[in-house]
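Here is what each chain is made of, one letter per residue.
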2 protein chains.
Amino acid sequence: MTAKSQRNWTGEPGALLRVGEGSRLADVDPAATPGYDDGKKHGQADLESGAAELDDLQERLFAQSRVAPGSPAVLLVLQAMDTAGKGGIVRHVVGAVDPQGVALAAFKKPTPEELAHDFLWRIEKRVPGPGMIGVFDRSHYEDVLIGRVRSLAPAEEIERRYGAIVDFEKRLTDAGIRIVKVMLHISSDEQKARLGERLDRPDKHWKYNPGDIDERELWPAYLEAYQTVFERTSTTNAPWYVVPANAKWYARLAVQALLLEALEDIDPQWPAADFDVAVERARLAAS
Amino acid sequence: MTAKSQRNWTGEPGALLRVGEGSRLADVDPAATPGYDDGKKHGQADLESGAAELDDLQERLFAQSRVAPGSPAVLLVLQAMDTAGKGGIVRHVVGAVDPQGVALAAFKKPTPEELAHDFLWRIEKRVPGPGMIGVFDRSHYEDVLIGRVRSLAPAEEIERRYGAIVDFEKRLTDAGIRIVKVMLHISSDEQKARLGERLDRPDKHWKYNPGDIDERELWPAYLEAYQTVFERTSTTNAPWYVVPANAKWYARLAVQALLLEALEDIDPQWPAADFDVAVERARLAAS
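Residues numbered from 1 in each chain as written. Chains lettered and ligands numbered in written order. Predicted model: local features only at pLDDT ≥ 70, side-chain atom pairs only at ≥ 80, totals over all residues. Heavy atoms only, no water.

## Let's talk about the overall build of chain A
Okay, so step 1: Across its full length, chain A carries twelve helices and five strands.
Okay, so step 2: Its C-alpha radius of gyration of 20 Å places chain A within 12% of the 19 Å reference for a compact globule of 287 residues.
Okay, so step 3: Overall, chain A is about 70 × 45 × 45 Å in size when its C-alpha atoms are taken along their principal axes.
Okay, so step 4: Taking all 287 residues of chain A together, 51% fall into the buried category.
Okay, so step 5: Put simply, 81% of the contacts in chain A that link residues at least 6 apart link residues at least 24 apart.
Okay, so step 6: When the accessible area of chain A is evaluated, it comes to approximately 12500 Å², of which 50% is carbon and sulfur surface.
Okay, so step 7: Side chains of chain A carry 36 positive and 45 negative charges; the gap between the two charge centres is 4 Å. (Helix = DSSP H or I, 4+ residues; strand = E, 2+ residues; numbered from the N terminus. Rg over C-alpha atoms; globule rule 2.2 N^0.38 Å. Buried < 20%, exposed > 50% of the residue type's maximum accessible area, 1.4 Å probe, protein only. Contact = heavy atoms within 4.5 Å. Areas by Shrake-Rupley, 256 points an atom, 1.4 Å probe, with all protein chains shown as cover. Lys, Arg positive; Asp, Glu negative; His and termini not counted. Charge placed at Lys NZ, Arg CZ, Asp CG, Glu CD.)

See below:
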C-alpha cells in the first residue's frame, strides 16, 4: 500500500524496504532511493503533502483513544550509525504533527540504576500509551548492537536478548501497538563527510564526539551485528525496514511513508459523540 | 525588549502584558491586541519569522546544556478557561521547534496516587531539565483555581498553597529555570462560540465535554480565583502575563514573543569544542 498523499512512488515503500527472509544488509546501497525515481524536488513536495496526511491521521488516532480505552498506538524505533539522520527524522517527519500526540524517548548510555535492571526495564517505562505516536531514538536494540560489538555483556546474555526482544515486542503488538523498526543506512564515506562538516562548523562542534571515530573503526562489526538483529528480530508483527539514508530527503520521505502506512492501516475514526448533541446545544444556548 | 524577529510591535509585549501591582483582570479586554495594531496578516508573517528565531535559540539553549551542566532551561506555564487556545499554542508556537528540545507535560485531574501526595509532587517530576523548553499545559495552578472554585481542599490548605507555589518557583528560578506564566484570556461569548463550533463539527465532538457547560456557570468565580492567583503569585522572578486570546493569531504571536524575550535574555551560545579540532580532523581523515 502506498500512502495516498505521496504520489510519486513507483513501488510500495513498505514492501521494498522490509527486511525479509534472506535479506542481506551488505546488498543494500545506502545511496539508492528504492521506489522513488523522481528526485529530491518531487520528494520534498511529497513530504509536505504527506505531513498534512500524517497530521490528520495522528489527530484521529489521538481522538479515538480519548473515548475508547485500549486504542491502538504507533511506535517508531530508530536505529542507525552516528550522523545517519535520526535527529532529522524526529524533527522533519515526526515534528510535523501535534507535539501533544507524540511521546519521544531518547535512550542514552544506561545509568547505573538502569544497568542494575534487565535491559528492557527502562524501555517498558517509555512504551507509548493509547493514541500516541511513540518514537524511540535508539532503543533496546543498543543492547544487542553496541552491547555485542563491544562485549558489554556475556555472549550468552546477548543471545538471550534476541528472544526476549521478540517476546516483548509480541506483547506490545498484541496490546495494539504498531511497531515500525527503521535502520537508517548510510555509507562509511557519507559518515566521514558528515563528521567532517561537524568539525568545520563551530555551531556543530557540540554534536561531535571524539568517540565517534572509535566507533567508525568498528563499522564492519556493526554491520554484522545489524545483520544478526534483522535475522533474529524481524518478525511479521514487528518487521525491520532498512532505509537508505545517504540522501536525507529520501530517508525522511520513506520513514514518513512507513508511518503513513501503519496509520492508514489502523484507519482511526473520529469518535462518535457520547452525549446528546441537541441537548448540549440547548444547554450552551442557555448558559 | 521586543524580539528581533517580530518587527511590527508598537510596544514591548512583556511590559504590556505583565501582571503588575494593581493589575485587574476585569480591566483586560479579551478582544484587544495590545502593542500590535497591524492585524492578522502581519501577525502571521511575524509569527513565521519568530518561529525561525525561536528555533535557532532553542537549539543553542540545548547545545549549551550538553556541555555545561546546570545550564538554564525555560518553563512555559499555560493556564486558561476551556477553548481559550492552549492546544493551539503548543501546536503552533512550541511545535515550531525541534521536539527533542521540548518537554511537554499536560496535567489532568489528579490520580488517587497524586492526590495522596502534596499537590507539588506530580509537578516536581515534570520540571524541565537543563537546556529544555518545558511546557505545562495546566499546572500546579489548577490546585488554587478549580481547587478554590470547587472547594476541592479546605480553605486553609488553599491559602497555604499560594506561599508554597512562590517558594517552589523561587527554587526553580534560583536553579536557572526561566518561568513564563501565561493566562490566555477569552471572553465568555467567545467561549460560547467556540463550544458551539465543537458541537457543530463531528470531528470536534471528542473535544467537547458536557462538564464544560457546568464550568461556564462558574465563570465569575474563576475570574476571581485568577485575580487572587495573580496577586499572590506574580513575582519578579516568575511573573504572570495575561494574554488576550479572542484573536488566536494575537495570542500565539504574544506567547511566542514572551518565549523569545526569555531566550534572548538567556542569550545561549554555541559551546566551544572540548576537543582539538585539528587532531580530530586528522583522526577522521585516517579513519
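The rest of the description comes next.
## Re the pairing of strand E4 (residues 177-185) of chain A
Note on strand geometry: in a regular strand, side chains alternate between the two faces of the sheet.
Residues and elements named next belong to chain A.
Okay, so step 1: E4 sits mainly inside the fold: eight of its nine residues count as buried.
Okay, so step 2: Direction of pairing for strand E1 (residues 73-80) relative to E4: parallel, over a ladder of eight bridges. Note on E4: the bridge partner recorded for Ala73 is Ile177. (Pairing = 2+ DSSP bridges.)

## Here's the deal with the pairing of strand E3 (residues 133-137) of chain B
Residues and elements named next belong to chain B.
Okay, so step 1: By the criterion of burial, E3 is predominantly enclosed, with five of the five residues buried.
Okay, so step 2: The two faces of E3 match: Ile133, Val135 and Asp137 on one face and Gly134 and Phe136 on the other face are all buried.
Okay, so step 3: As paired strands, strand E1 (residues 73-80) and E3 are joined by five bridges and run parallel to one another. Residue pairing for E3: Val77 is matched across the bridge by Phe136.
Okay, so step 4: Relative to E3, strand E2 (residues 102-106) is paired through five bridges, and the arrangement is parallel. Among the inter-strand pairings, Ala105 is bridged to a residue of E3, identified as Phe136.

## Structural notes on the packing of aromatic side chains
Residue and element names in this part refer to chain A.
Okay, so step 1: Counted under the stated rule, the structure contains 20 aromatic pairs over all chains.
Okay, so step 2: For the ring pair Trp9 and Tyr36, a centre distance of 5.2 Å and an interplane angle of 80 degrees mean the geometry is edge-to-face. One end of the pair, Trp9, is in the segment before helix H1 (13-17); the other, Tyr36, is in the loop between H1 and helix H2 (39-67), and 27 residues separate them in sequence. Here Trp9 and Tyr36 have matching classes, each one buried.
Okay, so step 3: One cation-aromatic arrangement involves Lys125 over Trp121; the distance from NZ or CZ to the ring centre is 3.8 Å. (Phe/Tyr/Trp six-rings, centres within 6.5 Å; stacked < 30°, edge-to-face > 60°. Lys NZ or Arg CZ within 6 Å of the ring centre and 35° of its normal.)

## Here's the deal with the side chain of B:Thr228
Residues and elements named next belong to chain B.
Okay, so step 1: Tracing the sequence through the fold places Thr228 in helix H10 (residues 219-233).
Okay, so step 2: What makes Thr228 buried here is its relative accessible area of 17%.
Okay, so step 3: Thr228 has contacts with Arg148 and Tyr162, leaving out every residue within four places of it along the chain.

## Observations regarding the relation of the copies chain B and chain A
To go from the first copy of the chain to the second, apply a rotation about an axis and then a shift along the same axis.
Okay, so step 1: Between chain B and chain A, which share one sequence, the superposing operator has a rotation angle of 180 degrees and an axial displacement of 0.0 Å; the RMSD is 0.0 Å. Viewed as a symmetry operation, the transformation between the two copies matches a two-fold axis.
Okay, so step 2: A share of 100% of the interface residues of chain B reappears at the interface of chain A, consistent with the copies meeting face to face through the same patch. (Least-squares fit on C-alpha atoms with pLDDT ≥ 70 in both.)

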